[in-house]
Amino acid sequence: MLNMTNIKKIYRTDSIETHALREFNLQVDEGDFVAVTGPSGSGKTTFLNIAGLLETFDEGCFELDGVDISNQNDTARSRLRNQKIGFIFQSFNLIPDLNLFDNVDVPLRYRGFNRQERKKRIEQSLEMVGLAKRMRHLPAQLSGGQQQRVAIARALAGEPRFLLADEPTGNLDSSMAQSVMSLLKEINTNGTTIIMVTHDTELAAQAKRNIYVRDGKVSEITHSDQYAGDASELLEDDTESTLSPVAALSR
Amino acid sequence: MFNYYLKLAFKSFRRNPILTGLMIAAIALGIGASMTTITVNYLMSADPIPSKSGQLFHVQVDSWDPNNGFNDEPNTPPNQLTWTEATNLMAAQQAFRQTAMAKSGAIIEPQNSDINPFEASIRLTFNDFFPMFNVPFKYGNGWDKKADDDRQMVVVLSKNTNDKVFAGQNSVGNNIVIDGKSFRVIGVLDTWQPLPKFYDVNNGAFDEPEELFMPFYLKQELELPNWGNTNCWKTPEGEGFAAFLQSECINFQMWVELPTEKDKQDYLTFLNNYVNDQKALGRFPRPMNNHLLNVMQWMDDQEVVAEDAQIMMWLSFMFLLVCLLNTIGLQLAKFSAKSAEIGLRRAVGATKGDLFIQYTIETAAVGIAGGILGLALALLGLVGIRQLYGDVLNDLANLDATMIGLALTLSLLASICAGLYPTWRACNIAPASQLKSQ
Ligand SMILES: Nc1ncnc2c1ncn2[C@@H]1O[C@H](COP(=O)(O)OP(=O)(O)OP(=O)(O)O)[C@@H](O)[C@H]1O
Ligand SMILES: [Mg+2]
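By the naming in an unreviewed UniProt entry, chain B goes by ABC transporter ATP-binding protein and is assigned to Paraglaciecola polaris LMG 21857. Under the heading Subcellular location (unreviewed entry), UniProt records this for chain B: "Cell membrane".

Chain A goes by ABC transporter, ATP-binding protein in an unreviewed UniProt entry, where it is assigned to Paraglaciecola polaris LMG 21857. Chain A has a UniProt comment under Sequence similarities (unreviewed entry) that states "Belongs to the ABC transporter superfamily. Macrolide exporter (TC 3.A.1.122) family."

**Focus on the overall build of chain A**
Counting its regular elements, chain A contains eight helices and ten strands. The buried share among the 251 residues of chain A stands at 54%. A fraction of 70% describes how many contacts in chain A between residues 6 or more apart in sequence connect residues 24 or more apart.

**Quick look at the pairing of strand β4 (residues 118–125) of chain B**
Two faces, one strand: in a regular strand the side chains alternate between the faces of the sheet. Residues and elements named next belong to chain B. β4 sits mainly inside the fold: seven of its eight residues count as buried. The pairing of strand β3 (residues 97–109) with β4 spans seven bridges and is antiparallel. Paired with A102 across the two strands is L124, which belongs to β4.

**Remarks on the sheet that holds strand β3 (residues 33–37) of chain A**
Either a parallel or an antiparallel arrangement is found when strands of a sheet pair, and the pairing is made through backbone hydrogen bonds. Residue and element names in this part refer to chain A. Read from one edge of the open sheet, six strands run β6-β7-β8-β3-β9-β10, paired in mixed fashion. Each end of this open sheet is capped by a strand with a single partner; those strands are β6 (85–88) and β10 (217–223). Each adjacent strand pair in this sheet contributes to an overall mean axis angle of 20 degrees, direction not counted. The pairing of β3 with strand β9 (residues 209–214) spans four bridges and is parallel. Each residue of the ladder has a partner; that of T37, found in β9, is Y212. This element, helix α1 (residues 44–51), spans β3, β6, β7 (162–166), β8 (193–197) and β9 of the sheet and lies at about 155 degrees to β7.

**Brief notes about the sheet that holds strand β5 (residues 67–68) of chain A**
All names here are of chain A. The four strands lie next to each other as β2-β1-β4-β5, forming an open sheet whose pairing is antiparallel. The open sheet has two free edges, formed respectively by β2 (16–28) and β5, since each of these has just one partner strand. In terms of strand pairing, strand β1 (residues 2–13) meets strand β4 (residues 59–64) through five bridges, oriented antiparallel. Bridging from a neighbouring strand, N3 pairs with E63 of β4. The strands that α1 touches are β1, β2 and β4; relative to β1, the one it contacts most, it runs at about 115 degrees.

**Regarding the site of ligand 1**
The environment of ligand 1 is formed by 14 residues, the closest being A:S40, A:G41, A:K44, A:T45 and A:T46. Around ligand 1, the nearby residues trace back to chains A and B. One nitrogen or oxygen atom from the side chain of A:S40 is found 2.4 Å from an oxygen atom belonging to ligand 1. Here A:S42 contributes a backbone N or O atom positioned 3.2 Å from an oxygen atom of ligand 1. Relative to its unbound accessible surface of 630 Å², ligand 1 loses 68% to contact with the protein. Taken together, the elements giving at least two residues each to the shell around ligand 1 come down to β2 and α1 of chain A.

**A closer look at the pattern of salt bridges**
Residue and element names in this part refer to chain B. Taken as a whole, this structure holds 35 salt bridges over all chains when the rule is applied. The partner of E210 in a salt bridge is K197, and the shortest N-O contact between them spans 2.9 Å. With E210 in the loop between β8 (181–189) and β9 (212–215) and K197 in the loop between β8 and β9, this pair connects stretches of sequence that are 13 residues apart. The same class applies to E210 as to K197, namely buried. Taking the shortest distance from any N to any O, the salt bridge between K262 and D266 comes out at 2.8 Å. Here the residue K262 and the residue D266 both occupy positions in helix α9 (residues 261–280), the gap between them amounting to four residues, near one helical turn. On the basis of relative accessible area, D266 is assigned to the partly exposed category, the value being 39%. Among the charged side chains, a salt-bridge network with shared partners connects K103, R123, K197, D200 and E210.

**A closer look at the state of the cysteines**
Residue and element names in this part refer to chain B. With the rule as written, the count across this model stands at one disulfide over all chains. Between the sulfur of C232 and that of C249 lies a disulfide, 2.0 Å long from S to S. Between C232 and C249, the S-S torsion sits near 115 degrees, and that sign places the bridge as right-handed. Of this pair, C232 sits in the loop between α7 (218–221) and α8 (240–246) while C249 sits in the loop between α8 and β10 (250–257), and the two are 17 residues apart along the sequence. Judged by its relative accessible area of 41%, C232 is partly exposed. Judged by relative accessible area, C249 falls into the buried class, the value being 2%. As a non-bridged cysteine, C417 has C323 as the owner of its nearest cysteine sulfur, 15 Å distant.

**Concerning the environment of B:Y359**
Residues and elements named next belong to chain B. With respect to the element layout, Y359 can be found in helix α13 (residues 352–389). Taking the C-alpha atoms as reference, Y359 lies 8.0 Å from Y5; in sequence the two are 354 residues apart. The contact partners of Y359, leaving out residues within four places of it in the chain, are F335, K338, E341, I342, R345 and T423.

**Topic: the pairing of β3(A)**
All names here are of chain A. A large share of β3 lies buried, amounting to five of its five residues. Alternating positions in β3 separate into two faces, F33, A35 and T37 on one and V34 and V36 on the other, with burial throughout. Direction of pairing for β3 relative to β8: parallel, over a ladder of four bridges. Pairing of F33 across the sheet is with I194, part of β8.

Calculation notes
- Residues numbered from 1 in each chain as written.
- Chains lettered and ligands numbered in written order.
- Predicted model: local features only at pLDDT ≥ 70, side-chain atom pairs only at ≥ 80, totals over all residues.
- Heavy atoms only, no water.
- UniProt positions renumbered as here; feature names shortened; annotations may be inferred.
- Helix = DSSP H or I, 4+ residues; strand = E, 2+ residues; numbered from the N terminus.
- Buried < 20%, exposed > 50% of the residue type's maximum accessible area, 1.4 Å probe, protein only.
- Contact = heavy atoms within 4.5 Å.
- Pairing = 2+ DSSP bridges.
- Axes fitted to C-alpha atoms, helices over the stretch in contact; angles between N-to-C directions.
- Near = heavy atom within 4 Å.
- Polar contact = N/O pair within 3.5 Å; in protein donor to acceptor, adjacent residues only side chain to side chain.
- Areas by Shrake-Rupley, 256 points an atom, 1.4 Å probe, with all protein chains shown as cover.
- Salt bridge = Lys/Arg side-chain N within 4 Å of Asp/Glu carboxyl O.
- Disulfide = S-S within 2.5 Å.

Printed below as a string of structure tokens:
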């Protein structure tokens, strides 16, 4: 599915060379949920940007879904991003003057879907994150957690094979973070492969697999045995904890 | 997708109303200034008689001072003719149509005593004048050859004169008193305002046509005064009107209609022979230098498009350039405020091409808005220009469809050009760099 062998990435600024990734090796199978942790500056974001085709790499071999990425030009990589990858960023990155509907619409426009198809997908994905009723609101009218859910809806509307999240809960308080995590787990259960960078070891522990990055390399891989689809128990002080995570989110 | 981009463009205007407003204003100012001066130049250089401007030729022969060329130019024949040449060439009748002309003036005394006598300009000309120059008639016709030969006291009125003296009625057959003599009205012109007034640019290329038209020989018969430019290189021998007519002074224009190239060659040969004959009589001391210039060549030769109008046009283009440079700066500012959005669009799958189209549509929309505002400014500018170039531009110094099309195309091109570099830069923003934090 995702196959990185000996990826090397060097940032060159003026006279300084930063080896952000060196001999980075990773294989991620379909349906996996990988949490990436590691010290600051270890190369997690760099890895995720390369995995998401946002950046190029200097050496090594990267295959995504059977496609050799080093052969792809900028336009082809844009298309692959559009069709196969969904992104969630720490800072949500919603477009401030577009309402929720139009924000979720952005990747679908580049996909070339017709109007009905787009409408259906936007409504479905906003429904899934519990914000269908607020479709016409602007991002600024939402809380941080809600904005991140819009970003998730935007990432999901195109039904990507991969979801890449760079500290998706970094700007959220712990209960918000947990509800976003629950949502990601549900999305993973539905078959989407997820790679998430996080500093939060508790959240990381909920993923199927943890990788630890140090100094531009994968230094440790652990398989989580406590991975559970039922996230509601984690919403500890929620009295209606029997609700599904999505229902819990929508309140 | 076009509609989507247009919608995004309007959202972007709403987000940055001040930047957008400044860009529109900058383009509008540049376009307004350019369009004002382009229009003036366009009107000044328009073909006043497109259907036959290539077949009408202005006649020049070099009858000037042996020691000193006309206007101190060694190779330029004088721009007008003497009475001798005007009458001799007319008598020869060597062209398909021909008319010698002079400008004069006289007092009209309307019969209706409510209207005060007034001074009117006169075009002294031949019967061919009207068909040659496609002059439109409202009532009646021009005179015939016999009227020319017999020096009949007939007159054609301009529309304005007829409106003034006869209250716009069909006055053909009526009499009108000019300089105390009674003339018979045989025709009334419809509105006619060739711009430039090509048949006599020497006496004001943007003046109104004359108020009265009458047979040329009445000049001699009635001793009508010389209006318009008169140049002499030799003082007339003797006093009085007859002496002036016999002198080497130039005050007359001549046009011939020569439908084919062969006609033109034949006429030149005729002119050369004529000049040789005159040389034999002791006139034409300068080398032979006869010119037949068609309407547009003659406009060019006479520099009908005023030099200051041209300079103004180039200055306004410089101004437009400055406005565009400003626009480039504003665009760069606008795009740098948008870099997060651009990064995001790239991340979710927009290609550079997609973004390029999106932002080019946005700049084009600014250009169109600037163009429309610029047209409004150009209209204001033309009101100002009228003060400068006189009344005749009144009716025509308006923007016609060509000019409106040109203004919009110009502003569209200008804004897209100004947008190219900022847009190119925006499209090349690395997607990852903008997404880390806001
Ligand atoms: N655009 C860039 N130009 C130069 N150096 C860069 C660039 N991006 C990252 N780096 C360097 O590459 C190394 C890895 O950075 P990266 O952002 O991948 O770290 P990270 O693991 O995501 O850190 P954090 O946990 O703080 O987000 C760092 O030393 C960083 O300074
Ligand atoms: Mg990072």
